[in-house]
Amino acid sequence: MIKTSYEFDQSILPAGSSLKTNILLRFRAEVAESPRRNLNLSLVIDRSGSMAGAPLHHALKAAESVVDQLEPDDILSVVVYDDEVDSVVPPQAVTNKAALKNSIRKVRAGGITNLSGGWLKGCEHVKTQLDPQKINRVLLLTDGHANMGIQDPKILTATSGQKAEEGIITTTLGFAQGFNEDLLIGMARAATGNFYFIQSIDEATEVFSIELDSLRAVVGQNLKVTLELADGVSLVDTLSLAQVSQNKAGQAVLTLGELYEGEDKLLGLSLVISSAQIGELPVMKLHYSADVVQYDLIQSVSGTVDVIAKVGTVEEAAFASTSQIIIELSRLTIAKAKEIGLNLAEHGKHQEAEQTLRALVKDLRDKGLNENFEIAEEIDQLEYFAGRIAQKALGNAGRKEMRDQSYQTMTRNRSDLVGRGVTAGDEVYTIPIVNEVGSGVELYCVREGGKLRIKVMSEVYDSTKNIQFPRAIRAEGGRYVVEGLELSSDRTFYRVRGNITRFAQPGKADIFVAPRQSNLTNTGKASKGPASAADLATTDSVGDSILVQCVKDGSKLRARVVSDGYEPDWNMRFPRSVREEGMLYLVDEVKTAPDGKSYIACGEIKRFVQPTTTN
């Protein structure tokens, strides 16, 4: 069965007209000792040139970790893609983990990104083993933009929705900074799957584990909620990410996807009530349906809940307890504001976007919600994003963090997915520097679970407590000195008091002197090669260089750029003496030739050697 409950942002609404209120609805599948459902899983991994080196190494290690966590009754397939799509592990039961991991270790980076081909092959594998009693899922990982095959985001998103109707759900994982977050989020939403932003490549295994935990916890699917609003009640906004449609009666139908064991599915709604009289006020009838695990089988369940508000005098409403519900609705309101702010900024309305975020900060502070650490952290995030938007400097990393934070809060109810973001703000390079702590308090910035956290180093303070600290100057590995720390009103976390300086330890290199620049020297001169590829220097790290691959084109060997952001079909001026089929090279610079439709390799050429993935 599904347990439902609801709370208004005020437990007693004030009588009057044109009243705006928010309501939080909770849905939880109550399943007694539900057995673990078997998985029918396909891992689809980008092995294009941009994944060469550490990114592919960590992605493959993450795939191996998935194998370790599966059971013999699970079905696994592994697809890798660049120009070509290969099934390195065809669909099979996970009975020989050593052999499966050995197949994964043999994967090497290649050419350009046929995302659609790889993903559709993964869907095909899941379909061959499709079982409604299992979790049928494709996990699609990429670090770049599709530049081969089907590239239109609208087609890919629509197809993801169609596959979901067939029972094949897609979860997308964006790796590092090069992927198209709108596409991956769009595909995940259309399929009612999950989306993850793997910000640092060494987080891949951790994020895969979060998804596997989620899959094991799926106890309900296809949750749909229909709102039968009472007369005089209108829906203003939905504060959760849901697919919203209308039925024949004109009622809003919200598709909320999966239910997880022990986790509430939250639905926030913003309503306007035209008139409220003292007493009990019918607000809506809530009709829900879902496919839930019951007696070891997936069965359809449905129900109806009458949502009734209590209405009292203005005085009664003012003194009514709201407690934790305000915090939870604020989280959803903040996530919605981030989505709105980002959309405004991307339409050139930077001032309006900044005002939207700062107005919410003021409202949260006025309500005293900054005394809650989680909301205090969100206030820091809002101020950080508002400042970046005002400077028109949100950037690629900031955009991804903002989209991810909004998405995760409005889709899941997991603390380990909320507020993730590890990009250092430029402000860390400009704050004053000191070389001794003196009478101040030393702080240290670390990365924990995809978040930048501040820890106290000075012994007189409780090192287990969290610290509210400006998001704009957080940087992993950064050390700071502040005048002091003070406890929040509930004594659960610290706030910084006084000036903040950055602590540069004597005798140690200061990694935050200035934004780190590329070490490459762009000469603009066409590359020259030695007598053969064997005479080239080798490297297993891409760094700031550009990847080039040599491919067979009829009877010729030609070079092409496989790093993202370049035209994959353009010819390239590249030394013939070092061309060997299938080889990957690194060059300092790629320039567009005078004809405007080909490239010139410039600077030093190195041969790229694939790092080996081992136990």
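Relevant structure appears above.
The structure contained in this document is the topic of the report that follows. (Residues numbered from 1 in each chain as written. Predicted model: local features only at pLDDT ≥ 70, side-chain atom pairs only at ≥ 80, totals over all residues. Heavy atoms only, no water.)

**Observations regarding the nonpolar core**
Where a protein is soluble and globular, its nonpolar side chains tend to be buried together. Ranked by size, the top nonpolar core spans 53 residues in total, and within it Phe195, Leu357 and Leu364 carry the most contacts. The element best represented in this core is helix H8 (residues 323-346), accounting for 11 residues. Contacts of Phe195, omitting those with residues within four sequence positions, involve Thr172, Gly174, Phe179, Leu184, Ile185, Ala188, Asp404, Tyr407 and Gln408. Core analysis: the second largest hydrophobic core is formed by 47 residues, Ala59, Ala62, Ala109 and Leu584 among them. (Core = buried A, V, L, I, M, F, W, Y, C linked by side-chain atoms within 4.5 Å. Buried < 20%, exposed > 50% of the residue type's maximum accessible area, 1.4 Å probe, protein only. Helix = DSSP H or I, 4+ residues; strand = E, 2+ residues; numbered from the N terminus. Contact = heavy atoms within 4.5 Å.)

**Remarks on the pairing of strand S22 (residues 493-503)**
Residues in a regular strand point their side chains to alternate faces of the sheet. Counting buried residues along S22, eight of its 11 residues qualify, which places the element largely inside the surrounding structure. As paired strands, strand S20 (residues 466-468) and S22 are joined by three bridges and run parallel to one another. For Asn466, the partnering residue across the bridge sits in S22 and is Phe493. One ladder, built from seven bridges, connects strand S21 (residues 479-487) with S22; its direction is antiparallel. In the strand pairing of S22, Gly484 is matched with Arg497. (Pairing = 2+ DSSP bridges.)

**Considerations on the sheet that holds strand S9 (residues 195-198)**
The six strands are arranged S6-S5-S4-S7-S8-S9 in an open sheet whose pairing can be described as mixed. The sheet is open, and its two edges are formed by strand S6 (85-93) and S9, each paired on a single side. Between one strand and the next, the sheet's axes are offset by a mean angle of 15°, whatever the strand orientation. Bridge count between strand S4 (residues 39-46) and strand S7 (residues 135-142): seven bridges; the pairing is parallel. Considered in S7, the bridge of Leu41 is made with Arg137. (Axes fitted to C-alpha atoms, helices over the stretch in contact; angles between N-to-C directions.)

**A short note on the sheet that holds strand S10 (residues 218-229)**
With mixed pairing, six strands are arranged side by side in an open sheet as S2-S16-S15-S10-S13-S12. Of all strands in the sheet, those with a lone pairing partner are strand S2 (13-14) and strand S12 (243-246), marking the two edges. Two strands pair when backbone bridges link them, and S2 and strand S16 (residues 297-312) are joined in this way by two bridges, in the parallel orientation. Bridging from a neighbouring strand, Leu13 pairs with Val311 of S16.

**Considering the pattern of salt bridges**
This structure, assessed with the given rule, holds 44 salt bridges. The salt bridge partner of Lys101 is Asp68, with a shortest N-O separation of 2.8 Å. Taken together, the residues Lys101 in helix H2 (residues 97-105) and Asp68 in helix H1 (residues 54-69) connect sequence positions 33 residues apart. Here Arg558 and Asp553 are joined by a salt bridge, their closest N and O atoms 3.4 Å apart. Arg558 sits in the buried class, given a relative accessible area of 18%. Beyond isolated ion pairs, a larger network of salt bridges with shared partners links Glu181, Asp182, Glu346, Arg399, Lys400 and Arg403. (Salt bridge = Lys/Arg side-chain N within 4 Å of Asp/Glu carboxyl O.)

**Digging into H2**
For H2, the full list of buried residues reads Leu100, Lys101, Ile104 and Arg105. Buried residues in H2, looked at end-on, bunch into an arc of 140°, giving them a common side. Buried residues belonging to H2 abut H1, strand S5 (75-81) and S6. (Arc of directions from axis to C-beta.)

**Details of the packing of aromatic side chains**
Under the defined criterion, the tally for this structure stands at 13 aromatic pairs. Members of the aromatic cluster, joined through ring pairs, are Phe179, Phe195, Phe197 and Tyr407. Above the ring of Tyr260, the side-chain terminus of Arg412 is found at 4.0 Å from the ring centroid. Across the ring face of Tyr384, the terminal group of Arg471 is positioned such that the distance to the ring centre comes to 4.7 Å. (Phe/Tyr/Trp six-rings, centres within 6.5 Å; stacked < 30°, edge-to-face > 60°. Lys NZ or Arg CZ within 6 Å of the ring centre and 35° of its normal.)

**Examining unusual backbone geometry**
Phi at Ser18 is positive, roughly 50°, even though this residue is not glycine. Within the element layout of this structure, Ser18 appears in strand S3 (residues 16-29). The class of Ser18 is exposed, set by a relative accessible area of 58%.

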